[in-house]
Amino acid sequence: MDKLIISGNSKINGSINVHGSKNAALPILVASLLSDQNLTLSNIPKVDDINNMQKLLKGFGSKIKINKNSITINNRNIKNISADYDIVRKMRASVLILGPLLARFGYSKISLPGGCAIGTRPIDIHLEGLSKLGATFKIENGFVIGNVNNRLKGSIIKLPFPSVGATENILMASTLAEGQTIIKQAAMEPEIEDLGKCLISMGAKIEGLGTKKIIVEGVKSLREAKHNIISDRIVAGTYIILAIMLNSKFHVKNFNTNHLLSVINILRKMNCNLKVKKNSVRIFPSSNLKSAKVTTKPYPGFPTDLQAQLMALMCIVDGNSQIQETVFENRFMHVPELNRLGAKIKLLKDIAYIKGGQQFKGAQVMASDLRASVSLVLAALCAEGQTVINRVYHLDRGYEKVEKGIGILGPKIKRIKI
Ligand code: UD1
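Everything in this summary refers to the structure shown in the same document. Not measured: the values here are computed from a predicted model.

### Points about the site of the ligand
No. 1: Every one of the 18 residues lining the ligand counts as a neighbour, but Asp124, Ile125, Ser163, Asp305 and Val327 are closest to it.
No. 2: One of the backbone nitrogen or oxygen atoms of proline 122 is found 3.3 Å away from a nitrogen atom of the ligand.
No. 3: With respect to the ligand, the side chain of aspartate 124 contributes an N or O atom lying 2.7 Å from a nitrogen atom.
No. 4: Of all elements in the fold, only helix 1 (22–31), helix 5 (124–132) and helix 6 (164–174) reach the threshold of two or more residues within the shell around the ligand.
No. 5: With three residues, helix 5 is the largest single contributor of residues to the shell around the ligand.

### Digging into the packing of helix 6 against helix 7 (residues 190–201)
Pairs of packed helices are described in terms of their axes, by the angle between the two and the distance that separates them.
No. 1: Axis separation between helix 6 and helix 7 bottoms out at 10 Å; the angle between their running directions is 10°. Considered as vectors, helix 6 and helix 7 are oriented roughly parallel to each other. Along the contact surface, helix 6 presents Val164, Thr167, Glu168, Leu171 and Met172, while helix 7 presents Glu191, Ile192, Leu195, Gly196 and Leu199.

### Some thoughts on the sheet that holds strand 21 (residues 351–355)
No. 1: On the basis of which strands lie adjacent, the open sheet formed by four strands has the order 18-19-21-20 and mixed pairing. Unpaired on one side and paired on the other, strand 18 (293–295) and strand 20 (344–348) mark the two borders of the sheet. For this sheet, the mean angle separating the axes of adjacent strands, direction not counted, is 15°.
No. 2: The sheet contact formed by strand 19 (residues 321–324) and strand 21 spans four bridges and is antiparallel. Within strand 21, the residue paired with glutamine 324 across the bridge is isoleucine 351.
No. 3: In this fold helix 10 (residues 307–316) packs onto strand 18, strand 19, strand 20 and strand 21, with an angle of close to 170° to the strand it touches most, strand 19.

### Some points on the nonpolar core
No. 1: If you look at the biggest cluster of nonpolar residues, it comprises 72 residues, and the most contacted ones within it are Leu29, Leu41, Phe60, Ile97, Leu171 and Leu199.
No. 2: Setting aside its immediate chain neighbours within four residues, isoleucine 97 contacts Val30, Leu33, Leu56, Phe60, Ala83 and Ile110.
No. 3: Core analysis: the next-biggest nonpolar cluster, separate from the first, contains 71 residues, Met245, Leu289, Leu370 and Leu395 among them.

### A look at the pattern of salt bridges
No. 1: Taken as a whole and judged by the stated rule, the model has 11 salt bridges.
No. 2: Connected via shared salt-bridge partners are Asp2, Asp396, Glu403, Arg415 and Lys417.

### What about the sheet that holds strand 9 (residues 143–148)?
No. 1: Taken together, the four strands give an open sheet; going across it, the order is 6-7-9-8, and neighbouring strands pair in mixed fashion. Among the strands making up the open sheet, the edge pair consists of strand 6 (82–83) and strand 8 (135–140).
No. 2: In terms of strand pairing, strand 7 (residues 107–111) meets strand 9 through five bridges, oriented antiparallel. By the bridge assignment, isoleucine 110 is partnered in strand 9 with valine 144.
No. 3: The strands touched by helix 4 (residues 98–105) are strand 7, strand 8 and strand 9; relative to strand 7, the strand with the most contacts, the crossing angle is about 155°.

### A short note on helix 7
No. 1: For helix 7, with 12 residues, the first-to-last C-alpha span of 17 Å sits near the 16 Å given by 1.5 Å per residue.
No. 2: Buried residues of helix 7: Pro190, Glu191, Ile192, Asp194, Leu195, Gly196, Cys198 and Leu199, and no others.
No. 3: Those residues of helix 7 that are buried are in contact with helix 1, strand 3 (39–42), helix 6, strand 12 (205–207), strand 14 (225–228) and helix 8 (233–245).

Definitions and limits used
- As a convention, each chain's residues are numbered from 1 in the sequence order in which they are written.
- A pLDDT threshold of at least 70 governs which residues receive local features in this predicted model, and a stricter bar of 80 or more applies before side-chain atom pairs are shown or counted, although totals over entire chains, interfaces and linings include all residues.
- Hydrogens and waters are ignored; side-chain quantities use all the structure's heavy atoms.
- Near residues are defined by distance, with any heavy atom within 4 Å of the molecule or strand qualifying the residue.
- Whenever a nitrogen or oxygen atom comes within 3.5 Å of another N or O atom, the pair is scored as a polar contact, on the condition that within protein one atom can donate a hydrogen and the other can accept it, and that pairs from neighbouring residues in sequence are kept only if both atoms are in side chains.
- Helix and strand definitions here come from DSSP, where helices need a minimum of 4 consecutive H or I residues and strands a minimum of 2 consecutive E residues; each element is numbered from the N-terminal end.
- Simply put, an axis is a line fit to the C-alpha atoms, just over the touching stretch for a helix, and the angle between two N-to-C directions goes from 0 to 180 degrees.
- Roughly parallel means an angle under 35 degrees; roughly antiparallel, over 145; roughly perpendicular, 65 to 115; everything else is oblique.
- A contact between two residues is defined here by any heavy atoms of the two lying within 4.5 Å.
- Paired strands, as defined in this entry, are two strands with at least two bridges between them according to DSSP.
- Grouping buried Ala, Val, Leu, Ile, Met, Phe, Trp, Tyr and Cys residues that are joined through side-chain atoms within 4.5 Å yields what is termed a nonpolar core.
- The cut-offs for exposure are 20% and 50% of the maximum accessible area for each residue type, with area from a 1.4 Å probe on protein chains only; residues under the lower value are buried, those over the upper are exposed, and the others partly exposed.
- By convention in these notes, a salt bridge is any Lys or Arg side-chain nitrogen within 4 Å of a carboxyl oxygen on Asp or Glu.
- Given a helix with a known number of residues, its expected span is that number minus one, times 1.5 Å.

If you want it as structure tokens, here you go:
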């Protein structure tokens, strides 16, 4: 497991183009299973979760051709429709294959998922939704096995919570179901809208994307299509917060700033000096940053995936801040590690109380989940001295290699291969 050695007191200069969204690319890769025609995708990020998803698809018999700036997937000859523990445990998004496989082949078998070690993360909402479309499930030897008699049938499905993954799974499955499906209390994340747009270009009939009510008219088959994946709003937000923490003048480019409005609003309340355009944010140094109180929520609320990064910033601004995490249980694994770096954060149930005005100091720390890991990188870059971050494989799941991405902007980050 690689480690990163990071020198503190860094500055960053210049600009960065945000790479493609991992959370949009994952379901869109899976959506290719719905059709036996080519799907060509551009703006695919070079991160480990995407490599793992491609491995999973190849295991099923997918043919993936790498072009200059895109990939073309063909799933004409799918031979195997069971996904093993080894790959599923690395990536919870593997559960997304259930819907498309059931819709096209009437059968699917996947190992119960793993992924980030945050909370219990069950898949009941996925299974209940797909059951309403006519699938039946049993759990045997750690596998979820789904079956459909004939074709899935459209239905009205009200989600108990706007789960991102469950909305995507049901949306994909319903494109090939017989008749109309209405998903109520659907998640509204931009990545779901992007998946929906890709499905529409494949011939699916979908209305209400980006709203709580998605309506799908099932079709018999989907056709060849091309799609350009949106840029990663979480990566964009991470770079913005990093530049603020390093009090640097910096330009984050090539993403839709509408996707980050809740974050931009909070940062402005904290007195961050931002110039926001349609597809970029310029960050300027600011001397009077102040505390804030934030609650994570499903989109368009403040994203849980930027909670750890914002917390790192809150440690160094004036005054005391609070973050309440309402989307996931136990998504505070970065707190003890940030405290090792000199933060003063206390946890009480789902609220973190952050004492501001602290100076991070380099130490040995351990990365736990994807977003927790990146908050440690941010803290390390503005710490006094050197920090060693162990177990960085979580980071590689969602960020193109940080020693190259952030490294070329000025900071000294070295990867030690172990
Ligand atoms: C997706 C994102 C992840 C992000 C999260 C919330 C991908 C690949 N991952 O994860 O980065 O942090 O959305 O924005 O897109 N839940 C259940 N039962 C279910 C499904 C979910 O109880 O069947 C719970 C989860 O345990 C969690 C909450 O619902 O507490 C949100 O989960 P969900 O929106 O499904 O997140 P993911 O799709 O796993």
